[in-house]
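The chain contents come next:
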Amino acid sequence: MKFVLFSHSFVSCWNHGNAHFLRGIARQLVDLQHEVVVYEPADGWSRANLLRDHGAAAIVRGAKLVPGVTIKTYQGPALDLDEALADADVVLVHEWTEPSLVARLGGHRIRGGRFLLFFHDTHHRALTKPDEIERFDLDGYDAVLAFGEVLRQVYLTRGWGRRVFTWHEAADTTLFRMKPGSVKDTDLIWIGNWGDGERDEELRRFLVEPVSRLGLDASIHGVRYPDDVRAHLHAHGIRYGGWLPNHLVPDAFARARVTMHIPRRPYVEALAGIPTIRMFEALACGIPMVCAPWRDTEGLFPRNAYVSASNAGEMTGALARVLSDHELASDLASTGLHTIRTRHTCRHRIDELLEIIASLDTATLSNSQVSSHSEKIGLQ
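The shown structure was predicted, so the numbers you read here are calculated from the model rather than taken from an experiment.

### Here's the deal with the sheet that holds strand β6 (residues 143-146)
1) Next: The seven strands lie next to each other as β3-β2-β1-β4-β5-β6-β7, forming an open sheet whose pairing is parallel. Sheet topology places β3 (70-74) and β7 (164-166) at the edges, where each strand pairs with a single neighbour. Strand-to-strand, the axes of this sheet are offset by a mean angle of 25°, without reference to chain direction.
2) Next: Pairing of strand β4 (residues 90-94) with strand β5 (residues 116-121), which is carried by five bridges, proceeds in the parallel orientation. From the neighbouring strand, Val90 faces β5, where its bridge partner is Leu116.

### Things to note about the pattern of salt bridges
1) Next: The tally for this structure, following the rule as stated, stands at 20 salt bridges.
2) Next: Each of Glu95, Arg125 and Glu132 takes part in one network of salt bridges that share partners.

### A few points about the side chain of His221
1) Next: Structurally, the position occupied by His221 is in strand β9 (residues 218-221).
2) Next: A relative accessible area of 14% means that His221 is categorised as buried.
3) Next: For His221, the side chain forms a polar contact with the main-chain oxygen of Gly242, separated by 3.3 Å.
4) Next: The contacts of His221, once residues within four sequence positions are left out, are Ile189, Trp190, Ile191, Gly192, Gly241, Gly242 and Leu244.

### A short note on the sheet that holds strand β8 (residues 186-191)
1) Next: One open sheet holds the six strands; their spatial order is β10-β9-β8-β11-β12-β13, and the pairing between them is parallel. Strands with a single pairing partner mark the edges of an open sheet, and in this sheet they are β10 (238-240) and β13 (307-308).
2) Next: Looking at chain direction, β8 and strand β11 (residues 256-261) are connected through three bridges and run parallel. Looking at β11, one finds that Thr186 is bridged to Ala256.
3) Next: Along the sheet face, helix α13 (residues 277-284) touches β8, β11 and β12 (289-291) and points at about 155° away from the line of β12.
4) Next: Lying on the sheet, helix α14 (residues 312-324) is in contact with β8, β11, β12 and β13; it crosses β11 at an angle near 150°.

### Things to note about empty space enclosed by the protein
1) Next: Overall, the coordinates contain three cavities of 30 Å³ or more when judged by the stated rule.
2) Next: Quantified by volume, the largest cavity comes out at close to 100 Å³.
3) Next: If you trace the largest cavity, you find 13 residues lining it, with Cys13, Asn193, Trp243, Leu244 and Arg278 closest to the centre.
4) Next: Tallied by class, the residues present in the lining of the largest cavity amount to five nonpolar, seven polar and one charged.

### Remarks on the packing of helix α2 (residues 45-54) against helix α3 (residues 56-63)
1) Next: Contact pair α2 / α3: the axes reach a minimum separation of 6 Å and the direction vectors enclose 130°. Compared by their axis directions, α2 and α3 come out oblique. On α3, the residues touching Arg47, Leu50, Leu51 and His54 of α2 are Ala56, Ala58 and Ile59.
2) Next: Of the residues assigned to the contact of α2 with α3, the class counts are five nonpolar, one polar and one charged.

### Side note on the layout of surface pockets
1) Next: For the largest pocket, the calculated volume is near 1,200 Å³.
2) Next: Residue lining of the largest pocket: 49 residues in total, with Asn15, His16, Asn18, Trp96 and His123 positioned closest to the centre.
3) Next: At the level of secondary structure, the elements contributing two or more residues to the lining of the largest pocket comprise α5 (99-110), β8, β11 and α13.
4) Next: Element by element, the count of residues in the lining of the largest pocket is highest for α5, at four residues.
5) Next: Its residues assigned to classes, the lining of the largest pocket comprises 17 nonpolar, 17 polar and 15 charged.
6) Next: Considering only enclosed or pocket space, the second largest pocket measures out at about 350 Å³ in volume.
7) Next: As for the second largest pocket, its lining consists of 20 residues, and the residues nearest its centre are Lys184, Ala256, Arg257, Gly286 and Pro288.
8) Next: Every element with two or more residues in the lining of the second largest pocket is listed here: α11 (249-254), β11, α14 and α15 (326-343).
9) Next: The element best represented in the lining of the second largest pocket is α15, accounting for four residues.
10) Next: Residue classes in the lining of the second largest pocket are distributed as twelve nonpolar, five polar and three charged.

So, how was this worked out
Residues numbered from 1 in each chain as written. Predicted model: local features only at pLDDT ≥ 70, side-chain atom pairs only at ≥ 80, totals over all residues. Heavy atoms only, no water. Pairing = 2+ DSSP bridges. Helix = DSSP H or I, 4+ residues; strand = E, 2+ residues; numbered from the N terminus. Axes fitted to C-alpha atoms, helices over the stretch in contact; angles between N-to-C directions. Salt bridge = Lys/Arg side-chain N within 4 Å of Asp/Glu carboxyl O. Buried < 20%, exposed > 50% of the residue type's maximum accessible area, 1.4 Å probe, protein only. Polar contact = N/O pair within 3.5 Å; in protein donor to acceptor, adjacent residues only side chain to side chain. Contact = heavy atoms within 4.5 Å. 1 Å grid on protein atoms, 1.4 Å probe; cavity = no way out; pocket = protein on both sides within 12 Å on 5 of 7 lines; lining within 4 Å. Points joined across faces, edges and corners; volume = space filled by probe spheres on them. Nonpolar A, V, L, I, M, F, W, Y, C, P; charged D, E, K, R; others polar. Parallel < 35°, antiparallel > 145°, perpendicular 65-115°, else oblique.

Take a look at the structure:
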């Protein structure tokens, strides 16, 4: 089939964690011999910031990370949808796409577009800023893909979309994997962007304080850290390494003995059960993990895939145990890795997506389309 993806950015992961999953599913589609075309705005926020901070070379490298994918940029309303959607079978629209384009794509589908149209939501705005989601005209969309069951329920309750499916993120295990033989030169590494007030207190309580108490060799990577926060990290002996390209994260994990899952507050309070992409990334790389408060309400991971800590004292103790008990660390790593490989790879998600495509009400398609789609996904 021909898949057309509309993303805030595919080439840039600057403050754009969703790039990992979008690249991963595109890679799997290409591996399965599907055609993948990605559209992103030429002046998108993530792309523009990456270009500003790291130059055109970073954009070029990002564009080469998934061979076989065609990447096209557009300038706002100048995008020719007749050309962009020609021969498309499935169109996937990420929720950071401009509302005006979301509406145009829906209108194109209503007017006889011969493709299935999905809206893909991977954020907490549906609960924390519902007015921003209400701006999206989803009338023409065949279904919504929500990255957690609690988010799916929000869409159903509010009547956003005709059909809503849970479609979790997952690890791109082509890139995120163990690297045996790597020298461990860091006790703890944490990778994540500054939370705009959504987890600043959590970072101080669950990361800075325990690291300082234990005197660990620790590093942080991410963007948008204010000067006063950088100074605070430095004062506690924590290195701040700035932006780390997503495809280099496995190398950083391989050099560290432990990492953390510190979700933003909305995912703890409003969207329980939805982990950050960092959790999938870390477990796929076989690094032991200690988690700040987070409820796995959907049972995505077995309890022995990570260690939980409910306060700074427990976090300090948990880190000390993992770093001193090699058997515990090995068990955590192997359980987490097995969980990813058997449940949470991007190939798993593509299989789920193909099942969703097959399950859609065939009344939304013409008879010729039903036959065409069935043949392409192996149902006939």
